[in-house]
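Breakdown of the fold
Take a look at the letters that make up each chain.
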Amino acid sequence: MDPVRRRAPTEVVELAEGSVEDAPDLWRLGVGRLGQFTRYAEKVFALTRRLSHVHDSRRKPNTSAPTLARAVFYTGLLRIRSFNALEPKFSERPFLHLMDLPKDRQSLGCVDTVSRALRVMDLETVRRVSIGIVQQAERNKVFREGWHGALRYVAIDGWEPFSSTQRHCEQCLMRHVRRKDGKGEPVLAEEYYHRYVVAMLIGPEFDLALDIEPLRTKETRPPRVPKAGKFRGESLPREEDEGELTAAIRLIRRVKETYGWIDVVVADALYANGPFLTTLKDLDLGGVIVARKDADEPLKAALRVWGARPAQQEFDDEEREEHLELWDIVGLETLSSYDGPIRVVRGRVTNPNSPKHTTPKTWCMFLTGKAARLTARKALEVVRARWHIENTGFHQWTTRWKFDHVFVRDGDGLLALYWLFFAAFNVLTFFLYRQLRSYGRARGKDVTRTISRLIDEMQDDLARLGAFAPDSS
Ligand SMILES: [Zn+2]
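The rules behind these values
- Residues numbered from 1 in each chain as written.
- Predicted model: local features only at pLDDT ≥ 70, side-chain atom pairs only at ≥ 80, totals over all residues.
- Heavy atoms only, no water.
- Helix = DSSP H or I, 4+ residues; strand = E, 2+ residues; numbered from the N terminus.
- Contact = heavy atoms within 4.5 Å.
- Areas by Shrake-Rupley, 256 points an atom, 1.4 Å probe, with all protein chains shown as cover.
- Pairing = 2+ DSSP bridges.
- Axes fitted to C-alpha atoms, helices over the stretch in contact; angles between N-to-C directions.
- Donors = N, O, S within 2.8 Å, 3.2 Å for Na, K, Ca; no water.
- Buried < 20%, exposed > 50% of the residue type's maximum accessible area, 1.4 Å probe, protein only.
- Salt bridge = Lys/Arg side-chain N within 4 Å of Asp/Glu carboxyl O.
- Parallel < 35°, antiparallel > 145°, perpendicular 65-115°, else oblique.
- Left-handed = near helix turned anticlockwise from the far one by under 90°.
- Nonpolar A, V, L, I, M, F, W, Y, C, P; charged D, E, K, R; others polar.
- 1 Å grid on protein atoms, 1.4 Å probe; cavity = no way out; pocket = protein on both sides within 12 Å on 5 of 7 lines; lining within 4 Å.
- Points joined across faces, edges and corners; volume = space filled by probe spheres on them.
- Phe/Tyr/Trp six-rings, centres within 6.5 Å; stacked < 30°, edge-to-face > 60°.
- Lys NZ or Arg CZ within 6 Å of the ring centre and 35° of its normal.

The next point concerns the overall build of the protein. Helix and strand counts for the protein come out as 16 helices and twelve strands. Long-range pairs, those at least 24 residues apart, make up 67% of the contacts in the protein between residues at least 6 apart in sequence. Working note: accessible area of the protein is about 23000 Å², and carbon and sulfur atoms make up 48% of it.

Let's shift gears to the pairing of strand E3 (residues 173-180). As judged from the eight bridges shared by E3 and strand E4 (residues 186-193), these two strands associate in the antiparallel manner. Considered in E4, the bridge of Arg175 is made with Glu191. Here E3 folds back onto E4, and the loop between the two strands holds five residues, one of which, Gly184, carries a positive phi near 80°.

Quick look at the sheet that holds strand E12 (residues 361-368) now. As summarised here, the arrangement of the nine strands in space is E6-E5-E1-E7-E8-E12-E11-E10-E9, forming an open sheet in which the pairing is mixed. Edge strands, defined here as strands with exactly one partner in the open sheet, are strand E6 (208-214) and strand E9 (313-317). With direction set aside, neighbouring strand axes in the sheet form an average angle of 20°. Judged from the eight bridges that link them, strand E10 (residues 322-332) and strand E11 (residues 342-350) form a sheet pairing that is antiparallel. Opposite Ile329, over in E11, you have Val344 as the bridge partner. Helix H10 (residues 244-258) contacts strand E1 (153-159), strand E5 (196-202), E6 and strand E7 (264-267) of the sheet and is inclined by roughly 130° relative to E6.

Across the sheet, which stays open at both edges, the three strands sit in the order E2-E4-E3 with antiparallel pairing between neighbours. Strands at the two margins of the open sheet, each flanked by one partner only, are strand E2 (163-164) and E3. Inspection of the sheet shows E2 paired to E4 by two bridges, in the antiparallel sense. Looking across to E4, one finds that Ser164 is bridged to Tyr192.

What follows concerns the coordination of the zinc ion. Protein coordination at the zinc ion: the donors are Cys169 (SG), Cys172 (SG) and His194 (NE2), at 2.0 to 2.2 Å from the metal. All donors of the zinc ion belong to a single chain; written as a sequence motif, their spacing is C-x2-C-x21-H. Separated by 22 residues along the polypeptide, Cys172 in the loop between E2 and E3 and His194 in the loop between E4 and E5 bring together distant segments of the chain. The burial state of Cys172 is the same as that of His194; both residues are buried.

Turning our attention to the environment of Ala71. Looking at the element boundaries, Ala71 is found in helix H5 (residues 65-77). As for Ala71 and Leu96, which are separated by 25 residues in sequence, their C-alpha atoms are 9.3 Å apart. With residues up to four places along the chain from it excluded, the contact list for Ala71 reads Phe90, Phe95 and Met99.

Moving on: the pattern of salt bridges. On inspection of all chains with the given rule, the structure shows 25 salt bridges. Residue Arg128 is joined to Glu124 by a salt bridge in which the shortest nitrogen-to-oxygen separation is 3.8 Å. Here the residue Arg128 and the residue Glu124 both occupy positions in helix H9 (residues 123-139), the gap between them amounting to four residues, near one helical turn. In the salt-bridge network here, residues are joined through shared partners; they are Glu124, Arg127, Arg128, Asp211, Glu213, Glu242, Arg250 and Arg254.

Cis rather than trans, the peptide bond between Glu297 and Pro298 has omega equal to 0°. Within the secondary structure, Pro298 is located in the loop between strand E8 (286-290) and helix H12 (299-306). Phi at Lys141 is positive, roughly 65°, even though this residue is not glycine. Relative to the helices and strands, Lys141 is located in the loop between H9 and E1. When its relative accessible area of 53% is taken as the criterion, Lys141 is described as exposed.

With that out of the way, let us pick up the packing of H5 against helix H15 (residues 411-436). At a closest axis distance of 8 Å, the pairing of H5 and H15 adopts a crossing angle of 55°. Between H5 and H15, the angle falls in the class oblique. Regarding H5 and H15, the two cross each other, and that crossing is right-handed. Here Ala69, Val72, Phe73, Thr75, Gly76 and Leu77 of H5 come into contact with H15, specifically with Leu417, Leu420, Phe421, Ala423, Ala424, Val427 and Leu428. Of the residues belonging to the contact of H5 with H15, the class tally is eleven nonpolar, two polar and no charged.

Burial runs high along E12: six of the eight residues are buried. Pairing between E8 and E12: four bridges, direction antiparallel. Across the sheet, the residue bridging to Val290 is Met365, located in E12.

Turning our attention to empty space enclosed by the protein. One pass over the full model with this rule turns up three cavities of 30 Å³ or more. Empty space within the largest cavity amounts to approximately 110 Å³. Taken together, Gln171, His194, Arg195, Tyr196, Pro214, Leu215, Arg216, Thr217, Thr220, Gly411, Asp412 and Leu415 make up the full set of residues lining the largest cavity. Broken down by element, the residue count for the lining of the largest cavity peaks at three residues, all from H15. Class assignment for the residues of the lining of the largest cavity results in four nonpolar, five polar and three charged. Considering the residues around the second largest cavity, the lining is formed by 14 residues, among which Phe162, Arg167, Cys172, His194 and Arg409 are closest to the centre.

Below, the discussion takes up the packing of aromatic side chains. The final tally for this structure, using the stated rule, is 31 aromatic pairs. A centroid spacing of 5.2 Å and a plane angle of 55° characterise the contact between Trp159 and Tyr418, whose relative ring orientation is tilted. With Trp159 in strand E1 and Tyr418 in helix H15, the pair connects residues that are 259 residues apart, well separated along the chain. The class of Trp159 is buried, set by a relative accessible area of 4%. Using a relative accessible area of 0% as the deciding quantity, one classes Tyr418 as buried. The ring of Trp363 has Lys361 lying over it, and the distance from NZ or CZ to the ring centre is 4.7 Å. Between Arg377 and the ring centre of Phe315, over which it is positioned, the NZ or CZ distance is 4.5 Å.

Here it is in structure tokens:
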């Protein structure tokens, strides 16, 4: 049964019995799930106060930056597919009410104002809305217990929401792709895109968007510090666009500075190199990094030691019907670009009872810093949880949310938009898992569909709110 329907709507204000005077002011409070959500966002996260600090550089605007930021927040939350689709709402009373505007305000004006404001928004003020929400949750002790080994895990990964061969902005990255021209002849075309590195807090029940950093173009990238040396796979001359590792190192430094309580970074094989592991060590962060290249150290040394030996540990996971084999070696110092010991773990998973999964799946990983104290079995769990960033993050953001729609064709404008969408994503996540407590990962496989239904309910609630509008005459 669908958890939304199953659970009694504890806080939903329904029309009360009795006299009109006794009835709650539904116009003021909002109705249904949407009303419940807005009250939660205010009470727990002081959303309006946080948005009130958003600033942009327009002169004497008709509609303030905080109001437009709020409009973008709800565009993300309610999954409005484009600013064109948002336009009619700009003169509808329920939406104006949601924007917390005075009763006599008839319209928010033209929707182009939103993209104009996004382009010139002070990014730090809009970033603070999103990180403030996560930091508030931390003060509310939401993450105190940690996850495996009582540690807090951040997954990082590259993300490319969209690309185009037609239109671009000054901050677009460019690459050449093979295409077919009108006559079907292969040609080399220029393709423009924006690419980011995203940091996501991953946990047993839910995941949160922590931070985002764009890969900069050759014109906008900061000058490279000579000491950083050349990163593998990225030995590009200075005049090239940035690679993912460069942006990721900038990102992870800021993530640690912002959220001092995080413990371990989880990342794919692109990050299995000395410079990145050294960055983590300098920041006192542990690492659980996928290792794939058999010929690269220290995986090469580990494989040589393990040879054809049987696993050191074996387990049967009855719940998942899996058989686990683990190989483990500590203190390898064969990676010359990293000054310290690296533990290497290999885990092989077989599903003896499943005809679909006959080939075993193998993971190899490097464990550094605090992460090296995990048991091999826990380490395998962590590395397998890396899919959270691709599943609850990127996949959901493009298939369910509208993160892949080009709302604004401008690098800074996009970042401002993503920060506000992250804020909406995070408040909604807390609302689902902390307030409604009915969406735990364990409670059903199709969590995203359930969330979509909740959003549909909220859209209906917004339309319904019109019926409770006070007489505007
Ligand atoms: Zn662009």
